[in-house]
Amino acid sequence: MNNLLKIILYTIADQLRQKSFLVLLGISVLLVLTIRSCYGGSYNVNGRQLDNLTVAWQASRIAFQVICIGMFLMVAMLSMKIFGRDLADGSTVLFLSRPVVRWQYALGRVLGVWILSAGFMFVLHTTIFCITWAKTGGVIPGYLLASLVSSINILFIIVCVFLLTLYLPDFISALATLGIVIVGLVSEGGYLLMNNTAVQSMMPSAGAANPAFWRIIYPKIFMLQSYCGTLISKSEFTNLGPVHPALNVLLYICLLSALLILGFNKKEI
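Residues numbered from 1 in each chain as written. Predicted model: local features only at pLDDT ≥ 70, side-chain atom pairs only at ≥ 80, totals over all residues. Heavy atoms only, no water.

This next bit is on the side chain of Thr-230. Here Thr-230 is to be found in helix α11 (residues 221-233). Ignoring sequence-local partners within four residues, the contact set of Thr-230 consists of Ser-235, Glu-236 and Phe-237. (Helix = DSSP H or I, 4+ residues; strand = E, 2+ residues; numbered from the N terminus. Contact = heavy atoms within 4.5 Å.)

And the structure:
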């Protein structure tokens, strides 16, 4: 476990030195500063001026999901280059020439990227949380808990990209992983839309059909993000299938991690 911890720490330090990470960090800070201006504006809906707390609450919910989407893109881009770069510069050989087994190296790289990315996302969400508190004097219960739950999705994307880079070009691996997320967005987003009260009032039979089996077992990335939204809004959560989306994604993470270790053990270095 000592070797695993060292690889995790080395991965974090290595990513912090990458120019791409610094650029993404700068873009994220600018995004947060842009969102900050929304809290000081005056908004009218149907001739009625909204109070600052309502505006801040809605802006914070939108900012939460925007930050998460940005982090999904960021971790896919960061993860796709690690194995290839390590093989090119000899880092893989250097690690494995020491008393480090392959599963420690693979999981150490995955966990290092995850801890750094999840921590970075949590800092951004905490910034939004503090801005809302400072501007309105009120807090949003469940906001930071939702950030921690959303980090499960980040781990799924990292493990999936790492696994695919063993067999596919780097960019294709990231693109394929994001494609999995987009398919879930269409499938699960459509399910939630059809089960919306307003839609059902207009089309009573919209939510009557049972979802296909593949939709029930599909990785619930979008559904987990929807669950995070209900943690913030304290609203009722509509699930697709009998298994909670957090458990669904965790099961896929375990499966993909096992395949990653198996594939990396067979890879010639």
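Turning next to the nonpolar core. If you look at soluble globular proteins, the nonpolar side chains tend to sit buried side by side. Residues Met-71, Phe-83, Tyr-143, Ile-157 and Phe-162 are the most contacted members of the largest nonpolar core, which totals 58 residues. Listing elements by their share of this core, those giving two or more residues are α3 (52-79), α4 (82-89), α6 (102-136), α7 (143-164), α8 (170-194), α11 and α12 (245-266). No other element matches α7, which puts 15 residues into this core. With residues near it in sequence (within four places) discarded, Met-71 still touches Ser-117, Phe-120, Met-121 and Ile-154. In terms of nonpolar packing, the next biggest core, distinct from the first, is built from five residues, Leu-4, Ile-8, Ile-12 and Leu-116 among them. (Core = buried A, V, L, I, M, F, W, Y, C linked by side-chain atoms within 4.5 Å. Buried < 20%, exposed > 50% of the residue type's maximum accessible area, 1.4 Å probe, protein only.)

Further remarks concern the pattern of salt bridges. What the rule picks out here adds up to two salt bridges. Among the salt bridges present, the one from Arg-85 reaches Asp-14, with a minimum N-O distance of 3.3 Å. Here the residue Arg-85 occupies a position in helix α4, and Asp-14 occupies one in helix α1 (residues 2-16), the gap between them amounting to 71 residues. Taking relative accessible area as the criterion, Arg-85 reaches 23% and is therefore assigned partly exposed. Residue Arg-109 pairs with Asp-86 through a salt bridge whose shortest N-O separation is 2.8 Å. (Salt bridge = Lys/Arg side-chain N within 4 Å of Asp/Glu carboxyl O.)

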